[in-house]
Number of protein chains: 2
Amino acid sequence: MNVHFIPAMPRLAPQSRADRRTQILDAAKTCFVRFGFHNASMQQICAAAGMSAGNLYRYFPSKDALIEGICERDLGGAAEGFAEARRASDVLDVLEKMLVGYLWRRPREDLCMWTEISAEAARNEAVNRINRHIYDFIIKSVADVLAQGIANGSVRKGIDTHRQATLLQAFFDGVMLRRAVMPEFDPRPAIRTMMAQVRGSLGPVAKKKSKPK
Amino acid sequence: MNVHFIPAMPRLAPQSRADRRTQILDAAKTCFVRFGFHNASMQQICAAAGMSAGNLYRYFPSKDALIEGICERDLGGAAEGFAEARRASDVLDVLEKMLVGYLWRRPREDLCMWTEISAEAARNEAVNRINRHIYDFIIKSVADVLAQGIANGSVRKGIDTHRQATLLQAFFDGVMLRRAVMPEFDPRPAIRTMMAQVRGSLGPVAKKKSKPK
DNA sequence: ACAAAATGAATGAACGTTCATTTTATACCG
DNA sequence: CGGTATAAAATGAACGTTCATTCATTTTGT
């Protein structure tokens, strides 16, 4: 029995492990959207992933871990978007485009998923941490974009970028929730109106009402 | 055994039935907030209501019915608030006060509850109907209040009241969700900033930038 | 005497997770 | 090349709970 020792063989098909994980996350996302986080059973997710329960648990230690996985993946995508936005010449324009991109062009399932996660975050410690992480990232990114706008003249000086980011974030969440609940809701008019108002108060100075120093 | 017949006695302590129902709804609300809709067990709700399971089912036929009951009750409360708002002289002021009232002064548990219901509405037919009913009512009420503002001069003419209502509603939902998830979040600065921007675009005409006809 | 009100143990289904087992793929040796 | 050893990959039945709902029975109020 005793064979030499540690011949070792850390075999594992090079990228196969990552592939399996995305395959599982895709299946989980589908199930969570369709049935909700609590009503989706692991067996359903296993079936959707074309895989046995025992094997799935080799890649994710629990149902909660699946949410974590999904969030991390989506967050990565958002990071790219913001990186582009910071390079734009009119940042309010690009913020509006991003809103439309996430709230309208994205498949509605994603919005349902995020809504689900937000609700879950109100009482699930682990999910709450993830949600805060995402929130902090978005607020920071939007504030950065606005600061960039101030630097390049597309946004008025002296505004509180953090507070404005909070505002836009709340609007985003509200529309997300609405569209998750009402598939027929078209968020584009609301987005256009919202950004028009934001431009009114953030846009480059309209030269008016200056207290002479 | 055969006693006369139908001596009948539709006894039931006059208001007792309604009392029991509110008692149950209060208990259910507490549990839903603390554990979430799916994780709250009927046995917990029964215990909180000080009542056996069998008896509870005499008043509500299912767990879903409890959600319906809670929604209907809260909707009644909101109706009163809007009725007052319509009588105000500065409607934007009163809308801001209502936002603070619902998003800050109200116990956070209510916000958690509504968030829970919204998420559930994304996939539960019955809850979705209720949610739409509430949404329609709020949009209509806010639009009415704005129309009243136009009538009494506190809101600029020519705006699209329905679209503005949609905007405010989305903002409301977003803040609700944020506060449900982050107990320490203080929504008042965001509300103040939001309403300042709304005033900028809806307030009585600031006499400026008029294209001479 | 009687029915409404209330009880709470029982029921049966469903769930997340585990584990003893089998399959698959590769590395090593002759 | 072929055979064997090895461990990773994968299986799926089983486990122990938990839960919404029911119902035979008792209590209460008139």
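This text goes with the structure placed above it.
Here goes a summary of the coordinates provided. (Residues numbered from 1 in each chain as written. Chains lettered and ligands numbered in written order. Predicted model: local features only at pLDDT ≥ 70, side-chain atom pairs only at ≥ 80, totals over all residues. Heavy atoms only, no water.)

## Focus: the packing of helix H1 (residues 16-35) of chain B against helix H6 (residues 108-121) of chain B
Residue and element names in this part refer to chain B. It is the contact of H1 with H6, at a shortest axis distance of 9 Å, that shows an interaxial angle of 80°. Here H1 is positioned roughly perpendicular relative to H6, judged by the angle of their axes. Contact residues: H1 offers Lys29, Phe32 and Val33, while H6 offers Glu109, Asp110, Cys112 and Met113. Across the contact of H1 with H6, the residue classes tally to four nonpolar, no polar and three charged. (Axes fitted to C-alpha atoms, helices over the stretch in contact; angles between N-to-C directions. Helix = DSSP H or I, 4+ residues; strand = E, 2+ residues; numbered from the N terminus. Parallel < 35°, antiparallel > 145°, perpendicular 65-115°, else oblique. Contact = heavy atoms within 4.5 Å. Nonpolar A, V, L, I, M, F, W, Y, C, P; charged D, E, K, R; others polar.)

## As for the packing of aromatic side chains
In total, this model carries six aromatic pairs over all chains according to the counting rule given. Residues phenylalanine 32 of chain A and phenylalanine 37 of chain A carry aromatic rings whose centres are separated by 5.0 Å and whose planes lie at 70° to one another, so their mutual orientation is edge-to-face. In this pair, the class of phenylalanine 32 of chain A matches that of phenylalanine 37 of chain A, namely buried. Both rings, one in phenylalanine 82 of chain B and one in phenylalanine 137 of chain B, keep their centres 6.1 Å apart while their planes meet at 75°; by these two values the pair is edge-to-face. You can see phenylalanine 82 of chain B sitting in helix H4 (residues 63-85) and its partner phenylalanine 137 of chain B sitting in helix H7 (residues 125-152), a full 55 residues away along the chain. For arginine 58 of chain B, the ring lying beneath its charged end belongs to tyrosine 59 of chain B, and the centroid distance is 5.5 Å. Positioned over the ring face of phenylalanine 37 of chain B is lysine 63 of chain B, at 5.3 Å from the centre of the ring. (Phe/Tyr/Trp six-rings, centres within 6.5 Å; stacked < 30°, edge-to-face > 60°. Buried < 20%, exposed > 50% of the residue type's maximum accessible area, 1.4 Å probe, protein only. Lys NZ or Arg CZ within 6 Å of the ring centre and 35° of its normal.)

## Examining the packing of helix H6 (residues 108-121) of chain A against helix H7 (residues 125-152) of chain A
Between two packed helices, what matters for the description is the angle formed by their axes and the separation of those axes. All names here are of chain A. Put simply, H6 and H7 touch, their axes get as near as 8 Å, and they point 120° apart. Considering their axes alone, H6 and H7 lie oblique with respect to each other. Viewed along their axes, H6 and H7 form a crossing whose handedness is left-handed. Contacts between H6 and H7 involve Ile117, Ser118, Glu120 and Ala121 on the former and, on the latter, Val127, Asn128 and Asn131. For the contact of H6 with H7, the residue count by class is three nonpolar, three polar and one charged. (Left-handed = near helix turned anticlockwise from the far one by under 90°.)

Distances and angles like these do not, on their own, reveal function.
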